[in-house]
Amino acid sequence: MRKEGFFAMKIPKEWGGKGFSTAAVSAVLCKLGSRCSDANATVAVPNSLGPGELLVRYGTPEQQQYFLPRLASGQLIPCFGLTGPHSGSDATSLIGSYGTVEERDGVLGVVATFRKRYITLAPVAGVVGVGLDLRDPNGLLKGKGAEGFTVALLERDHEGLRMGPRHVPLTSAFMNGTVEGDDVWIPMDHLLGGQERCGYGWKMFVECLAEGRGVSLPAGSASAARTLNTGVGAYCRARKQFKVPIAEFGGIQEALARMGTQGLITVASTDLMNAIIDNHEAPMVLSSIMKQSVTDRGRNIIIDGMDIMGGAGISRGPKNFVGNMYMSVPIAITVEGANIMTRSFQIMGQGITRCHPHMVPIIDSLDSDDKDAPKVFRDNLFKMFGHVFYNLGGSMARGVTSGVSTMFRSSSAYKNGDKLTSHHEAQLLRLSQNLAYSADLALLLGGRLKFEELLLGRMADAMSAIYLGYAVLWHYQHQKGIEGLEAMTEHAMLTLEHEAQEALREAAANFPAPLGSAFGFLMGLGTSPLGEFSRPYRPPSDALTKEVADLLTKPSGMRDLFNTHIYVSGEESDHLSTLLRAFPVVIEADQIQKALRKEQREPTSAEAQTLALATELRDQIVQVDVFEKHGALEQQEGYVRPAIAATESWEGAVENESFKAVA
């Protein structure tokens, strides 16, 4: 990996890197993850959370000239130390990691103490970026740089730096460990960007984390979506029970349709986020949505895949292409801000201010000494009240029109792509105005709002569903012409609209005190003025669910879409390769058997060969791994399993004879 440049995909070519776009990096991570989540994690960090890109943007010329060629060549493996024992999802609090500006022998620097854990690649890294809370009690910075979040660049042999001990994240093998130091002397030229960038770490952190949360982690979910929709779909067509492919069972179709829909949402939102990042934007709120919602949907895809695969999903070994994903997905849920915290605090905690047209100017004016600050405050406060009534009117009007348009919409309207897009764009606009009005009401809670995490979580669900809906429509516009895309897009949009509707319903029904039921009534009135009539969104119909499931278990453009950016070796020992090789054969065999039954005849020689090959391949794909001995203990020479040894030496045994001998 180091020699082939996998750790330098985001480093510009002039420094020896690959200079890849975000979309290209995501595609590489997706393909790696389809084969090995450890490889995905190992490559993801240097290309998102490692200090490489931060050096490109903020490093001093000396730091760039020293580190970037070494990072690009793979000589130095990077990592980034932020999380500590007392600062997990609240990583930027930097509790237990601090530095004090001092001067030694005429050299200005920092004496730092830090405790970092859960740092991916730390046990093998050659350079680490360490987040510190910088303090300057004696004013030695003299206006050049500031106190606060600062990043230090330390090589592995830096005096006082301790790296090497590792954590073991569940069954994963990727390197993850601790970074520690006590009273470590760090000269100013070892701070990322030098003295001028002291206190600048928050901006670096936001840009760095936006890629880690918005690109690298969702790429893993996209990998699961592509691999499992491809592999499990083929398995359902090949696997028979009661002489029928399990693809024809309603319960299987329900789970498959969920996998396909959530897979499309995952792939679509990943593609859109990649485009946003490649447009040189670092949207923190959207990256939080991607991290929480997309990794959660990835987990649900894997769970459905495990349920469908049954015993083949829980039996470990090379033939199992689902189990390792299942065991590693909790790591994606946990890292870079646990999903519970991201959903119930970060998405709307940031979104309700940063996405509001007037809140940021109001907050800035309160913190400003400018003579125009009172006027800015008043103007935006009045605009904010206007914003409430504008959204109330629009929300109520669109609530009525959406109820009417949805009620009279044909169940097959989605087959016309233009009508599909225009209808769902109108629904997302309605839901967006519902959310904006609800957020305005929530802001009246004032400072209590940040403690009302149940309310924030429900509103985050609505905001996430709306954004993901726009991502699905964006993806549809860019991928028009793929067979089956209209049906799966319709299924996805109905799912997301229902999610947003129900989240807003629950937010209104549980509006917290002291405003309580009165404001809950106002929220419900604004979002659904005619009650259930203006809550028209329902889950997809059974007919549409079956159609979507069929797209995954029969040849289709959607199967081809998912079957990209995944690794299939083609080797006979590769179970996924066997599944994909069996897929067209078993479909042809099923068609032959159907024709034979209808025509009441015997198969031709060619048909008999196809039927025999299908039977052979079906037998291969249902096999699971078995081990004569498993684990280091059983590999020891002379080892006998304790239960067997106890049986052989059982005290009071009647006779040491077998039943066969007695008989």
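Note that the structure is a prediction, hence the values are computed from the model and not measured.

Here we look at the overall build of the protein chain
Scanning the protein chain for helices and strands turns up 23 helices and 9 strands. In summary, the protein chain has a C-alpha radius of gyration of 29 Å against a globular reference of 26 Å for 663 residues, a match within 12%. Viewed in the frame of its principal axes, the protein chain has a C-alpha envelope of about 95 × 70 × 60 Å. Residues classed as buried in the protein chain amount to 52% of the 663 residues present. Total accessible area on the protein chain is roughly 30600 Å²; 55% of this is exposed by carbon and sulfur atoms. For the protein chain, the distance from the average position of its 63 positive side-chain charges to the average position of its 73 negative side-chain charges is 4 Å.

Here we look at the pattern of salt bridges
Under the criterion given, the structure shown has 25 salt bridges. The partner of Glu53 in a salt bridge is Arg57, with the nearest N and O atoms 2.8 Å apart. Here the residue Glu53 and the residue Arg57 both occupy positions in helix H3 (residues 52-58), the gap between them amounting to 4 residues, near one helical turn. Residue Glu53 is classed as buried on the basis of its relative accessible area, which comes to 18%. Between Arg162 and Asp182 there is a salt bridge, with its nearest N and O atoms 3.1 Å apart. Remark: Asp182 occurs in strand E7 (residues 176-187) and Arg162 occurs in strand E6 (residues 161-166); sequence separation between them is 20 residues. Look at Arg162 and you get partly exposed, because its relative accessible area is 36%. Assessed through its relative accessible area of 35%, Asp182 is described here as partly exposed. Connected through shared salt-bridge partners, Arg115, Arg162, Glu180 and Asp182 make up one network.

Some details on the confidence of the model for the protein chain
On average, the protein chain scores 92 in pLDDT, and the residues at 70 or more come to 97%. In the model of the protein chain, helix H23 (residues 659-662) stands out as the element of lowest mean pLDDT, 66, in contrast to helix H17 (residues 542-553), which has the highest, 98.

Focus: unusual backbone geometry
Of note, the amide linkage connecting Ala513 to Pro514 takes the cis form, showing an omega dihedral of 10°. Its place among the elements puts Pro514 in the loop between helix H15 (485-509) and helix H16 (516-527). Unusually for a residue other than glycine, Lys142 sits at a positive phi of about 55°. Tracing the chain through its elements places Lys142 in the loop between strand E4 (127-135) and strand E5 (148-155).

Some details on the nonpolar core
If you look at the biggest cluster of nonpolar residues, it comprises 109 residues, and the most contacted ones within it are Leu228, Val232, Leu256, Ile308 and Met558. With 14 residues, the top contributor of residues to this core is helix H14 (residues 453-479).

Quick look at the pairing of E5
Among the 8 residues of E5, 7 are classified as buried, and the element is accordingly described as predominantly covered. Where E4 and E5 come together, 8 bridges link them in antiparallel fashion. Bridge pairing links Val128 to Leu154 in E5.

Brief notes about the packing of aromatic side chains
Scanning the entire structure with this criterion turns up 4 aromatic pairs. Residues Tyr66 and Phe67 carry aromatic rings whose centres are separated by 4.9 Å and whose planes lie at 90° to one another, so their mutual orientation is edge-to-face. Look at Tyr66 and you get partly exposed, because its relative accessible area is 32%. With relative accessibility at 8%, the residue Phe67 sits in the buried group. Judged by centre distance (6.4 Å) and plane angle (45°), the ring pair of Phe242 and Phe249 falls under tilted. Sitting above the plane of the Tyr66 ring, Arg70 keeps its charged end 3.9 Å from the centroid.

Comments concerning the pairing of E4
Most of E4 is tucked away, with 7 of its 9 residues classed as buried. One ladder, built from 4 bridges, connects strand E1 (residues 78-81) with E4; its direction is parallel. Residue pairing for E4: Phe80 is matched across the bridge by Gly129. As paired elements, strand E2 (residues 98-104) and E4 share 3 bridges and run parallel to each other.

Some words on H15
Its 25 residues give H15 an end-to-end C-alpha distance of 36 Å, which sits within 8% of 36 Å, the value for a rise of 1.5 Å per residue. H15 sits mainly inside the fold: 19 of its 25 residues count as buried.

Re a negative patch on the surface
Taken together, the side chains of Asp364, Asp367, Asp369, Asp370 and Asp372 make up a negatively charged region of the molecular surface. Along the chain, Asp367 falls in the loop between helix H11 (359-366) and helix H12 (373-407). In this structure Asp367 comes out as exposed when scored by relative accessible area, which is 69%.

Calculation rules
- Residues numbered from 1 in each chain as written.
- Predicted model: local features only at pLDDT ≥ 70, side-chain atom pairs only at ≥ 80, totals over all residues.
- Heavy atoms only, no water.
- Helix = DSSP H or I, 4+ residues; strand = E, 2+ residues; numbered from the N terminus.
- Rg over C-alpha atoms; globule rule 2.2 N^0.38 Å.
- Buried < 20%, exposed > 50% of the residue type's maximum accessible area, 1.4 Å probe, protein only.
- Areas by Shrake-Rupley, 256 points an atom, 1.4 Å probe, with all protein chains shown as cover.
- Lys, Arg positive; Asp, Glu negative; His and termini not counted.
- Charge placed at Lys NZ, Arg CZ, Asp CG, Glu CD.
- Salt bridge = Lys/Arg side-chain N within 4 Å of Asp/Glu carboxyl O.
- pLDDT = per-residue confidence, 0-100.
- Core = buried A, V, L, I, M, F, W, Y, C linked by side-chain atoms within 4.5 Å.
- Pairing = 2+ DSSP bridges.
- Phe/Tyr/Trp six-rings, centres within 6.5 Å; stacked < 30°, edge-to-face > 60°.
- Lys NZ or Arg CZ within 6 Å of the ring centre and 35° of its normal.
- Expected span 1.5 Å × (residues − 1).
- Patch = residues over 30% accessible without salt bridge, like charges linked within 9 Å, V, L, I, M, F, W, Y side chains within 5 Å.

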